[in-house]
Amino acid sequence: MDVVTRVFGIRHHGPGSARSLRHALEEFRPDAILIEGPADADPLVGFVAADTMIPPVALLAYVPDSPARAAFWPFAAFSPEWQAMRYGVDHAVPVRFCDLPAANVLAADDDARGGGSDPLAALASAAGYDDAERWWDAVVESVPDSAAFDAITEAMTALREDAPHPATGATPHAADAPPPNNRAPVDPSAPASGAARTGTEPDDVAETTSAAAEFMSPAAPDQSRSAFAPLVVDQHTLRREAHMREVMRKALKNGSKRLAVVCGAWHAPALTGPLGPAAPDKRLLTGLPKTKAALTWVPWTHSRLAAGSGYGAGVTSPGWYHHLFTETERPVARWLTKVAGVLREHDLPVSSAHIIEAVRLADTLAALRGRPLAGLSEVTEAVRSVMCGGDETMLRLVIDELVVGETLGGVPEDTPTVPLAADLRARSKTLRLKPEALARTVDLDLRKERDVERSHLLHRLRLLGIDWGTPTTGEVRSTGTFRETWTLRWEPEFEVRIVEAAVWGTTLRTAAETKILDTASRDDVTVTALADALEVALLADLGGATEGLITRLEAAAALDHDVTHLLGALPGLTRTLRYGDVRGTDTKALAHVADGLLVRICAGLPGAVTGLDTDAAQALRTQIDAAHTAISTRDDEHTTTEWLATLQRIADRDDVHGAIGGRAVRLLCDAERIDDADSARRLAAALSIGNTPAAKAAWIDGFLGGRGLLLVHDRELLRRIDEWLRDLNEDQFVATLPLLRRTFGSFESGERRAISQALRDTGSAPTTPAGPTAIDPIRGELALRAATAILGAAG
């Protein structure tokens, strides 16, 4: 039997390429399949057969000792490589990867890659298209045909023959080994996110090395490069192709008679025809850097296949491509029906007539443009005109929810992974927290055991840098201590962060405890940071770390003489005590630390409030407010008494900045330690002639800041401030205006209107007791008769 090798040059993540490849494989019936991808991932191919392996998924390779050094090879259902693997599984045909191993990819330096234009742009230009993406869709994607692979290879061969040497200008033949300094073109098969592709460029989304980022999509080309820059081939590309040929030789040597090779279209000419002697390829691969690499499958999302997500090379419309691949009958009509469903879900009026007219318009546009089938551009224009009435906001809903879409893949539970990832998988399954690509909000009732466990899990993950859940702003504390509100959204990059966090432990609890204790042991850690860490430890139920954190906090507080640091730590400790009570935690040791902090604060605060400029006084006032709120929340009589006594000492001093002195008086007045008469006397003293206008304004700001209703209900206070303002001369008023605007600008709009109304009603004149009122005997007699009648009826 003759040996036959077929090379299929495909477009990564092209639905037309995927369908054509499947047909071609059915016709060719290979006995072995090689796919462009990391060669050391061969053991993972078997997982493709599992029912729970649901694309989109990605191969993840990372360096165990340095997990941040990682690379992804994503696959969607419409990826030709995925369909090739599925064909191999369905027909019991051996499937192997043939590109450079991940061990070499992750060890390579991130030096600048070669520059060049998109080869598809040259072909599209020759065909009269100004958009390479539209040309590829019209020629290949819209007309699936297994015979297209030969034409693609022929076109790429012509382009590679004309690719010049960047140094000498020579144009090596594609089948020859080009000089070592050639540079790589943008891979024409990379309009998607680099499935089965090697590369070591950092991904902008995650702190990882994206296997696709060295290529740019024809749909989203690098604007820094010329669209028609010379096509060149660099050393990296040559080594990749040399390795592919080596794997091909090995497959043929092992007895393959009908070998199928699936690779990016740009590489097809280098693999077609006689392979030639192996010696040049071996020399080219000699001395490649290598490192230890671990590989596994991880779930991926459609949004991570989209170029708009920040991923270096991606399709702009994964949802559309998935639709084209799965809906073979009347894809345009069915797509527009989905669009109508999305718009209706957003309460937008879309009828069947809209769908019919949109289909007609899309087909008409395709005919005018000479396309065999309406593509995304025609369909989008039809949606914009017919269904959205030109409204770009409505169109954006369609693009986000359908054109890009959001689908999270899945991998089998027995997929190789680190112990920490296995623990997370088991815990999330027990707690019924399913990773989802779309954001959703969950409310946790901390009086329920399962919700408490969910809270612990999410807090531990955040501590490890895995933000699967983020607390909804303002919801957690505004609804009380028995409720937490989280927004959950799973990102594929979390898989790498889990691997990175595995250095701290094998379970989420031990890893979080180890990490938080390591952070607390640093020499530069502050008292505030330790208090925050202790609060997080309690929220995450890290009992093994609590004692160590309390000990470290006591030691740090004893050595810290800065009252502002102690003030900053007090609110966090108080919240920790509060949440500890809710969760039934023993907080005696923590209360002892909080009491010790308060003693030092009360001793040092009166001396720390003098000699401050305006900015420092404002910052300290904010801390005093937070501490006062925390102490009030704790509701401990001894603590409250000590704190209010400290505020009294501050209020009695005349060398304190007005922002702090005024606030101390206000807080004491609210606590009923100062009566209205005393506060009025202190206000009169602050506004006396001995103080500057700026000092007076600062005192008023401290006294009133955020409390506009005081002026609404206390007319005497309003009168005093109004008189002071009226007595200012022009220079004094201009000097104090900025602070006054800040004070009154902090009031709610309703409070400002009420203050204006009070001034209109009463003016600024002092109130005087009314004189004796004359009695009208006639009206009095009428009132007595009415009262007598009412009392008689009641009796």
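Residue positions are given per chain, counted from 1 along the sequence in the order it is written. In keeping with the predicted nature of the model, local features appear solely for residues at pLDDT of at least 70, side-chain atom pairs appear and are counted solely at 80 or more, and the whole-chain, interface and lining totals rest on all residues. Side-chain numbers come from the whole structure's heavy atoms, not from hydrogens or water.

(A) Main features of the overall build of the protein chain. Secondary structure elements follow DSSP: runs of H or I no shorter than four residues count as helices, runs of E no shorter than two count as strands, and numbering proceeds from the N terminus. When its secondary structure is counted, the protein chain shows 33 helices and twelve strands. Here the protein chain holds 795 residues, and the buried ones make up 51% of them. Note on contacts: a residue pair qualifies if any of its non-hydrogen atoms lie within 4.5 Å across the two residues. Long-range contacts, defined as pairs at least 24 residues apart, comprise 76% of the intrachain contacts of the protein chain with a sequence gap of at least 6. Note on areas: Shrake-Rupley with a 1.4 Å probe; residue coverage comes only from the protein chains shown. Working note: accessible area of the protein chain is about 35900 Å², and carbon and sulfur atoms make up 53% of it. Summary of the burial criterion: residues with accessible area below 20% of their type's maximum are buried, those above 50% are exposed, and those between are partly exposed, where the area comes from a 1.4 Å probe applied to protein chains only.

(B) Main features of the nonpolar core. Residues grouped as a nonpolar core are buried Ala, Val, Leu, Ile, Met, Phe, Trp, Tyr and Cys residues, joined through side-chain atoms within 4.5 Å. Among the nonpolar cores identified, the biggest contains 71 residues, and Leu567, Leu573, Leu605, Ile624 and Trp643 are the most heavily contacted of them. For this core, the leading source of residues is helix α23 (residues 588-608), giving nine residues. Sequence-distant contacts of isoleucine 624, defined by excluding residues within four places in its chain, comprise Leu567, Leu605, Trp643, Leu647, Ile660 and Leu667. The next biggest cluster of nonpolar side chains, apart from the first, holds 65 residues, and it includes Leu324, Cys388, Leu461 and Val496.

(C) Highlighting the packing of helix α16 (residues 449-463) against helix α19 (residues 508-520). Axis angles are defined between N-to-C directions and span 0 to 180 degrees, where every axis is a line fitted to C-alpha atoms and, for a helix, only to the segment in contact. Orientation of α16 relative to α19, taken along the N-to-C sense of each, is 45°, at an axis distance of 9 Å. Judged by the inter-axis angle, α16 sits oblique to α19. Crossing angle aside, the handedness with which α16 passes α19 is left-handed. In this structure, α16 contributes Leu457, Arg460, Leu461 and Leu463 to the contact, and α19 contributes Leu508, Arg509, Ala512, Lys515 and Ile516. Any angle between 65 and 115 degrees counts as roughly perpendicular, while under 35 counts as roughly parallel, over 145 as roughly antiparallel, and the rest as oblique. Left-handed describes a crossing whose near helix is turned anticlockwise from the far helix by less than a right angle; the clockwise case is right-handed.

(D) Layout of the pattern of salt bridges. Take a side-chain nitrogen of Lys or Arg and a carboxyl oxygen of Asp or Glu: if they are within 4 Å of each other, that pair is a salt bridge. Counting across every chain of the model gives 33 salt bridges. A salt bridge links arginine 22 to glutamate 26, with the shortest nitrogen-to-oxygen separation between them at 3.8 Å. With arginine 22 and glutamate 26 both in helix α1 (residues 15-28) and four residues apart, the pair spans about one turn of that helix. A relative accessible area of 37% places glutamate 26 in the partly exposed class. One salt bridge in this structure joins glutamate 491 and arginine 489, with 3.5 Å as the shortest N-O distance. The buried category is assigned to glutamate 491, whose relative accessible area is 18%. In the salt-bridge network here, residues are joined through shared partners; they are Arg245, Glu246, Arg249, Asp281 and Lys282.

(E) Representation of the packing of aromatic side chains within the structure. Within 6.5 Å between ring centres, the rings of Phe, Tyr and Trp (the latter by its six-membered ring) count as paired, and their orientation is classed by plane angle as stacked under 30 degrees, edge-to-face over 60, tilted in between. Counting across every chain of the model gives eight aromatic pairs. Their ring planes at 85° and their centres at 5.0 Å tell us that tryptophan 320 and tryptophan 335 sit as a pair that is edge-to-face. Taken together, the positions of tryptophan 320 in helix α10 (residues 318-326) and tryptophan 335 in helix α11 (residues 331-345) put the pair 15 residues apart, joining distant regions of the chain. The class of tryptophan 335 is buried, set by a relative accessible area of 3%. On the basis of an interplanar angle of 90° and a centroid distance of 5.3 Å, the ring pair of tryptophan 468 and tryptophan 490 is categorised as edge-to-face. With tryptophan 468 in the loop between α16 and β11 (469-471) and tryptophan 490 in the loop between β12 (483-488) and α18 (494-501), this pair connects stretches of sequence that are 22 residues apart. Neither tryptophan 468 nor tryptophan 490 differs from the other in exposure class; each is buried.

(F) Quick peek at unusual backbone geometry. Going from proline 55 to proline 56, the amide bond is cis rather than trans, its omega being 10°. The phi angle at aspartate 541 is positive, at roughly 55°, despite the residue not being glycine. Along the chain, aspartate 541 falls in the loop between α20 (527-539) and α21 (543-559).

(G) Region of the structure containing the state of the cysteines. Pairs of cysteine sulfur atoms within 2.5 Å are what we label disulfides. Per the counting criterion, the structure on display carries zero disulfides. Its sulfur unpaired, cysteine 263 is 7.2 Å from the next cysteine sulfur, which belongs to cysteine 98.

(H) Representation of the sheet that holds strand β3 (residues 57-63) in the model. Overall, antiparallel pairing links the three strands, which are arranged β4-β3-β9 in an open sheet. At either end of the open sheet lies a strand with only one pairing partner, and these are β4 (66-75) and β9 (294-299). For this sheet, the mean angle separating the axes of adjacent strands, direction not counted, is 30°. What makes two strands pair is DSSP finding at least two bridges between them. In terms of strand pairing, β3 meets β9 through six bridges, oriented antiparallel. Bridging across to β9, alanine 61 finds its partner in leucine 295. Contacting β3, β4 and β9, α18 runs over the sheet at an angle of about 155° to β4.

(I) Focus on the sheet that holds β12. What the three strands build is an open sheet, ordered β10-β12-β11; its pairing is antiparallel. Only two strands of the sheet have a single neighbouring strand rather than two, namely β10 (440-445) and β11. On average, each strand axis in the sheet is tilted by 35° relative to the strand beside it, whichever way the strands run. Bridge analysis of β10 against β12 gives six bridges, and the strand direction is antiparallel. Bridge pairing in β12 links leucine 444 to glutamate 484.

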